[in-house]
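Structural description and commentary
Below, each chain spelled out in residue letters.
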Amino acid sequence: MAKLLIILSLFLTWQICAGFLLNDNLCKYKKESNVFSKRSRLCDENQRDCRRFLGWLAPKEEPGDDEYYDCCPGFTKKGRFGCQIKTCIVLPQDVNKFPLMCPFERHADLVLENLFYKLTTPPENPLEYPAETSNILEAVPFPLLNQPSEKVLLRSALKPRLKETEWLIRYIGMSTRNGALAKKTIENPDIKPFTDYADYAQLLKSFRDEQSKDLISLQIPGVNHTFDLVSMEEYMRYPSQETPFKNIIHNNIWQNDDVFTQQRLAGLNPMSLRKMTNEDFNRDFINKTYDWDAAMQRASGEDSTFSEMIDAGRVYIVEFSYLYDLSNVEDLTERNTTDRREMRGSRAPICTFVSANVGGVRELKPVAIQTDQSSDAPVFSPVDGSKWLMAKQEFQRADITYAEIIEHLLKTHLLMEPICVIMRRTLSKFHPLHEILKWHCRGLFAVNSVGIKALLNPEEFLHKLFAIGHAGGVELLNKAYPDMSWGVTEFDKNLERRGVDSTDEIPYFPYRDDGLLIWKEVSNFSRDYINLYYSDDSRVAGDSELGRFFNQLSADGTGTDGGIGMFKGFPAKIETIQDLIDVVKRIVFIPVQHHAINYPVAYYGGFVPNLPTKLYDDPRVPPKEFGFDRLPQYHVAAEQVALSMSLGSIRYDVLFDYGKHLKDDRAKAIVNKYHERLTGSINDQIAARNQERLQNGKLSYPYLLPKWMPNSIHT
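Attention here is on the structure that accompanies the text. (Residues numbered from 1 in each chain as written. Predicted model: local features only at pLDDT ≥ 70, side-chain atom pairs only at ≥ 80, totals over all residues. Heavy atoms only, no water.)

1. Brief notes about the sheet that holds strand β12 (residues 361-370)
In space, the five strands of this open sheet follow the order β8-β9-β11-β12-β13, with antiparallel pairing throughout. This sheet does not close on itself; its edge strands, each paired only once, are β8 (274-275) and β13 (379-380). With two bridges joining them, β8 and strand β9 (residues 315-319) adopt antiparallel strand pairing. Considered in β9, the bridge of R274 is made with I317. (Pairing = 2+ DSSP bridges. Helix = DSSP H or I, 4+ residues; strand = E, 2+ residues; numbered from the N terminus.)

2. Considering a nonpolar patch on the surface
Taken together, the side chains of V111, L112 and L115 define a hydrophobic patch exposed on the protein surface, amounting to about 290 Å² of accessible area. Relative to the helices and strands, L115 resides in helix α2 (residues 103-116). (Patch = residues over 30% accessible without salt bridge, like charges linked within 9 Å, V, L, I, M, F, W, Y side chains within 5 Å. Areas by Shrake-Rupley, 256 points an atom, 1.4 Å probe, with all protein chains shown as cover. Salt bridge = Lys/Arg side-chain N within 4 Å of Asp/Glu carboxyl O.)

3. A few points about the state of the cysteines
Evaluation of the coordinates by the stated rule reveals three disulfides. Disulfide pairing places C71 opposite C83 at an S-S distance of 2.0 Å. Its S-S torsion of approximately -85 degrees makes the covalent link between C71 and C83 left-handed. Taken together, the residues C71 in strand β3 (residues 67-71) and C83 in strand β5 (residues 82-86) connect sequence positions twelve residues apart. With a sulfur-sulfur separation of 1.8 Å, C88 is cross-linked through a disulfide to C102. As the torsion about the S-S bond is roughly 55 degrees, the C88-C102 disulfide counts as right-handed. In this pair, C88 is assigned in the loop between β5 and α2 and C102 in the loop between β5 and α2, connecting sequence segments 14 residues apart. (Disulfide = S-S within 2.5 Å.)

4. Describing the nonpolar core
Counting residues in hydrophobic clusters, the biggest one holds 183 residues, and the most contacted among them are L433, Y534, F549 and L580. Of the residues forming this core, the biggest block, 21 residues, is contributed by helix α11 (residues 386-426). Each of two domains, domain 1 (110-250 + 402-708) and domain 2 (257-395), supplies a minimum of three residues to this core. Sequence-distant contacts of L433, that is, excluding residues within four places in its chain, are made with L427, Y529, I530, Y534, L546, L580 and V584. M276, I286, A299 and I350 belong to the second-largest nonpolar core, a separate cluster that totals 20 residues. (Core = buried A, V, L, I, M, F, W, Y, C linked by side-chain atoms within 4.5 Å. Buried < 20%, exposed > 50% of the residue type's maximum accessible area, 1.4 Å probe, protein only. Domains from an automatic or database assignment. Contact = heavy atoms within 4.5 Å.)

5. Focus on the environment of G443
Within the element layout of this structure, G443 appears in the loop between α12 (432-440) and α13 (444-456). Separated by 281 residues in the primary sequence, G443 and L162 place their C-alpha atoms 9.1 Å from one another. Once residues lying within four places of it in the same chain are set aside, the contact partners of G443 are E164, W167, I713 and H714.

6. Here we look at the side chain of R442
Inspection of the secondary structure puts R442 in the loop between α12 and α13. Residues contacting R442, with those up to four places away along its chain left out, are L162, K163, E164, Y652, D653, S712, I713 and H714.

7. Side note on α12
Given 3.6 residues per turn, any residue in an α-helix points the same way as the ones three and four places further on. A large share of α12 lies buried, amounting to nine of its nine residues. Along α12, the residues classified as buried are P432, L433, H434, E435, I436, L437, K438, W439 and H440. Here the buried face of α12 lies against α11, α17 (510-533), α19 (544-553) and α20 (577-598).

8. What to know about the pattern of salt bridges
The tally for this structure, following the rule as stated, stands at 47 salt bridges. Here R586 ties to E490 by a salt bridge, and the two come within 3.9 Å at their closest N and O atoms. Taken together, the residues span a long stretch of sequence, with R586 in helix α20 and E490 in the loop between α15 (469-480) and α16 (491-498) at a distance of 96 residues. By relative accessible area, R586 is classed as buried at 5%.

Pasting the structure below:
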């Protein structure tokens with residue numbers, strides 16, 4: 001009996017102090033101007049209000065005017081008897097405080113995650129691909145998740161908490177179906193060569209019509225109903241079909257100079273336009289024999305010279321230096337069986353624009369296009385008729401090549417992968433940042449593991465679609481990666497560095513204007529969330545898991561596993577709340593940037609004449625001029641539309657819609673607040689802007705509408 005009483009006494013004591021049922025687990029907090037920024041006065045110093053047996057019945061000290069009671073860190077569900085649900089969502093320095101916050105489970109989780117989430121160690125001198133190696137990992141200078149695709153897909157499918165299984169089935173099913181549609185088109189014995197732009201429009205429509213159809217449906221004999229087992233309609237939607245949108249296919253207005261220019265500001269790639277300098281103009285590869293002054297005067301309607309307009313800060317440029325002198329491959333998709341057509345090699349064109357005065361308002365106008373980065377490359381301007389149209393097509397071809405491989409693949413997918421891998425390695429599932437960042441990493445590993453092979457392997461998409469092919473694609477990544485740093489994630493500062501932040505010089509720039517709205521909301525979200533868990537800078541500096549995250553991700557990290565993420569410019573340590581707010585903001589915004597660079601391809605790249613991945617020399621078309629027979633035929637077009645649909649169709653969730661899955665009610669309130677703001681008033685504001693843009697004859701820009709933006713890079 002005595003032993004039983006001792007055991008019972010110890011059990012009750014543990015229950016009381018552990019906060020299970022008999023303790024109210026309430027802490028006193030300071031009221032903030034923002035109700036969502038709750039900072040604990042007592043719990044931060046381990047002065048948790050752990051009262052005696054049946055403490056929730058005992059009177060408690062009344063809070064001061066600037067204080068209130070709420071759940072202690074690690075507990076939630078405030079009710080009549082206090083906070084009785086233990087979450088263990090606390091900073092690592094609080095794990096061993098009274099009561100214990102799941103220390104064993106926290107440690108075990110990190111041990112298991114480290115067994116799987118490992119990064120490759122890239123070679124100092126990557127081998128030439130595919131001449132010297134067929135292994136992509138031996139040919140690139142950046143780290144990737146070091147696991148075979150089969151294991152990555154299996155692990156993704158077995159994560160019920162993130163519901164990746166449902167997404168994975170649909171993602172793979174969609175991609176497989178689009179591949180089958182392309183094959184069916186190419187092998188159709190009745191298909192005839194395309195002879196009209198309408199043929200490309202019909203091809204796009206036929207693919208798009210298939211996307212929302214169920215992957216698997218069941219019809220039971222005798223029952224007048226079809227059961228949707230794997231439905232797609234909810235996830236496959238297109239802003240170009242559902243929101244106010246300018247149809248550039250209609251009447252072939254994709255050929256208009258205004259549409260061409262506006263795509264630099266609201267199309268697939270609004271990330272490359274920048275202010276031009278005299279240093280740019282004096283570079284060796286600029287064609288000095290061309291009359292740039294005359295072209296500028298025609299475009300601007302003023303007498304100023306090209307250099308004078310540069311000095312006035314009114315000249316802008318898009319160039320693709322990384323594309324110059326890349327390897328090209330054989331035309332795999334449309335072989336030259338008739339000796340009539342030859343695929344044109346890749347080029348690195350340069351396009352210049354001027355901020356012209358049009359009816360008292362500044363408007364961007366094209367000045368001229370130099371067709372390659374070579375001093376003897378021809379230059380054409382809008383007065384050159386069909387030659388100008390051909391120059392624009394060369395530019396569009398370069399634009400989709402650069403956009404998909406650099407701005408899309410490198411600067412979002414490959415940039416985010418080491419962040420997410422190291423997040424899994426260093427931040428326990430009970431860490432407050434893990435609670436949110438896992439949603440912004442959802443699907444990334446599976447997409448990258450499968451997608452990189454689908455793009456870069458021989459006889460896959462790059463080989464089929466682009467003159468540079470798979471070999472030139474890897475060359476391009478290797479040329480650009482050394483210049484990529486943490487700075488590419490700084491949305492507002494990048495606009496300033498490019499010199500495109502002025503609304504006076506460029507009044508119409510939807511990517512900039514809508515992006516800054518989202519950037520501000522994400523910044524405020526990051527501030528509120530970080531302030532919820534970190535009361536002062538010492539809490540940041542004392543977070544051991546966070547310290548390992550920064551040390552492993554930064555290229556400047558030291559010690560065991562330090563620097564494995566190879567992320568240049570990323571800090572190796574973190575010491576202040578403000579710095580942490582900035583980092584979380586920029587990580588969360590990477591999938592937003594992905595939405596802007598990825599999803600427009602479903603329309604702008606899905607209509608092949610607008611952004612052709614290949615062009616041809618054809619004896620039926622005079623040299624240097626554009627004609628219909630310059631465009632790829634249905635062999636290439638079907639593959640391009642299949643890729644465009646696979647990239648720009650599926651949206652599995654909506655930004656910050658994961659609040660309901662969070663364990664901490666205070667965190668849930670913050671996430672829900674910003675989800676509601678973004679999908680409510682901010683979405684309405686951007687929608688109104690788009691309506692006005694259309695009324696003014698401009699392209700609308702639905703690619704930063706919050707209701708369309710997912711949390712993660714999952715396509």
